[in-house]
Amino acid sequence: TQLLEQSPQFLSIQEGENLTVYCNSSSVFSSLQWYRQEPGEGPVLLVTVVTGGEVKKLKRLTFQFGDARKDSSLHITAAQPGDTGLYLCAVIIQGAQKLVFGQGTRLTINP
Amino acid sequence: NAGVMQNPRHLVRRRGQEARLRCSPMKGHSHVYWYRQLPEEGLKFMVYLQKENIIDESGMPKERFSAEFPKEGPSILRIQQVVRGDSAAYFCASSPSGTGRRLIYEQYFGPGTRLTVT
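Residues numbered from 1 in each chain as written. Chains lettered and ligands numbered in written order. Predicted model: local features only at pLDDT ≥ 70, side-chain atom pairs only at ≥ 80, totals over all residues. Heavy atoms only, no water.

**Thoughts on the overall build of chain B**
- Per the secondary structure count, chain B includes 0 helices and 11 strands.
- Traced from its N-terminal end to its C-terminal end, chain B shows the element sequence β-β-β-β-β-β-β-β-β-β-β.
- Taking 118 residues into account, the globule formula puts the C-alpha radius of gyration at 13 Å, and chain B, at 14 Å, falls close to it.
- Dimensions along the principal axes, computed over C-alpha positions, put chain B at roughly 45 × 25 × 25 Å. (Helix = DSSP H or I, 4+ residues; strand = E, 2+ residues; numbered from the N terminus. Rg over C-alpha atoms; globule rule 2.2 N^0.38 Å.)

Below you can see the structure in the form of structure tokens.
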């Protein structure tokens, strides 16, 4: 079983639409990160959320950490083709020096 | 300030050959991590190294895989006698230090090496 469940796995929408993707777990985390990975490249860190209920904005991207620190969402407003990519959530396992990733949401924005 | 560098970017090996993947961490970073990404999957941790030490290899297959981070030079992930199932993208990440008691912890990823075993 996956520690982090991301949904949907695939999402294809038209340019200009809004969307939300989710990262869920039954475990509590001290922090959670979102990455974007473009084809042929490594993941790039977008944001780290730390506090339950925290909301962070990065231009048209809004990240929220759940109140109980078990889940997170990423909302994109007015999606653009440049937003296309694989969105991964990840957590650090306390006491271990490694990131654990969800399987990702593969987002395609059609012009 | 150069980012994490990996080479080669693409590597083709026949079954039974050896694959050597290299990673140079960001300047000032002394911690290196290797991850593997199978097609259509997320990244899976393999190994965590500091200079001349393997700290955590809990994600490494028990056989044929090894990693090192020598005092001088890049970190090397070595796969002996490759099989088709080893075909994947291998990513290296680096950080300036371990997690310690920090709440915010960031790893910086390289562009990856795409290994194809024929």
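**Topic: the layout of surface pockets**
- Taken as a whole, the largest pocket encloses approximately 320 Å³ of empty space.
- If you trace the largest pocket, you find 19 residues lining it, with Gln37, Pro39, Gly40 and Arg106 of chain A together with Gln37 of chain B closest to the centre.
- Secondary-structure elements contributing two or more residues to the lining of the largest pocket are β9 (85–92) and β11 (105–110) of chain A together with β9 (88–95) of chain B.
- Its residues assigned to classes, the lining of the largest pocket comprises 7 nonpolar, 6 polar and 6 charged. (1 Å grid on protein atoms, 1.4 Å probe; cavity = no way out; pocket = protein on both sides within 12 Å on 5 of 7 lines; lining within 4 Å. Points joined across faces, edges and corners; volume = space filled by probe spheres on them. Nonpolar A, V, L, I, M, F, W, Y, C, P; charged D, E, K, R; others polar.)

**Quick notes on empty space enclosed by the protein**
- Per the counting criterion, the structure on display carries 2 cavities of 30 Å³ or more.
- Estimated volume of the largest cavity: approximately 80 Å³.
- Forming the walls of the largest cavity are Gln9, Phe10, Leu86, Gln103, Gly104, Thr105 and Arg106 of chain A together with Glu40 and Glu41 of chain B.
- In terms of residue class, the lining of the largest cavity is made up of 2 nonpolar, 4 polar and 3 charged.

**Some points on the packing of aromatic side chains**
- Counted according to the given criterion, the structure contains 8 aromatic pairs over all chains.
- A centroid spacing of 5.5 Å and a plane angle of 55 degrees characterise the contact between Tyr35 of chain A and Phe101 of chain A, whose relative ring orientation is tilted. You can see Tyr35 of chain A sitting in strand β4 (residues 32–37) and its partner Phe101 of chain A sitting in strand β10 (residues 99–101), a full 66 residues away along the chain.
- Ring centres of Tyr33 of chain B and Tyr48 of chain B lie 4.7 Å apart, and the angle between their planes is 5 degrees; on these two criteria the pair is classed as stacked. (Phe/Tyr/Trp six-rings, centres within 6.5 Å; stacked < 30°, edge-to-face > 60°.)

**Section: the pattern of salt bridges**
- Applying the stated criterion to the full structure yields 7 salt bridges over all chains.
- Glu54 of chain A is the partner of Lys56 of chain A in a salt bridge, and the nearest nitrogen-oxygen pair spans 3.7 Å.
- Glu18 of chain B is the salt-bridge partner of Arg78 of chain B, the closest N and O atoms lying 2.8 Å from each other. Remark: Glu18 of chain B occurs in the loop between β2 (10–13) and β3 (19–24) and Arg78 of chain B occurs in strand β8 (residues 75–79); sequence separation between them is 60 residues.
- Among the residues examined, Glu18 of chain B registers a relative accessible area of 30% and is labelled partly exposed.
- What emerges from the salt-bridge pattern is a single network uniting Glu18, Arg20 and Arg78 of chain B. (Salt bridge = Lys/Arg side-chain N within 4 Å of Asp/Glu carboxyl O. Buried < 20%, exposed > 50% of the residue type's maximum accessible area, 1.4 Å probe, protein only.)

**Some thoughts on the state of the cysteines**
- Taken as a whole, this structure holds 2 disulfides over all chains when the rule is applied.
- Across the disulfide, Cys23 of chain A is cross-linked to Cys89 of chain A (sulfur-sulfur distance 2.0 Å). One disulfide, between Cys23 of chain A and Cys89 of chain A, carries an S-S torsion of 75 degrees and so falls in the right-handed class. One end of the pair, Cys23 of chain A, is in strand β3 (residues 19–24); the other, Cys89 of chain A, is in strand β9, and 66 residues separate them in sequence. Like Cys23 of chain A, the residue Cys89 of chain A is buried in the burial classification.
- A sulfur-sulfur distance of 1.8 Å marks the disulfide that ties Cys23 of chain B to Cys92 of chain B. Here Cys23 of chain B and Cys92 of chain B share a disulfide; its torsion about the S-S bond, -50 degrees, makes the bridge left-handed. With a gap of 69 residues between them, Cys23 of chain B in strand β3 and Cys92 of chain B in strand β9 connect regions that are remote in the sequence. Both residues of the pair, Cys23 of chain B and Cys92 of chain B, count as buried. (Disulfide = S-S within 2.5 Å.)

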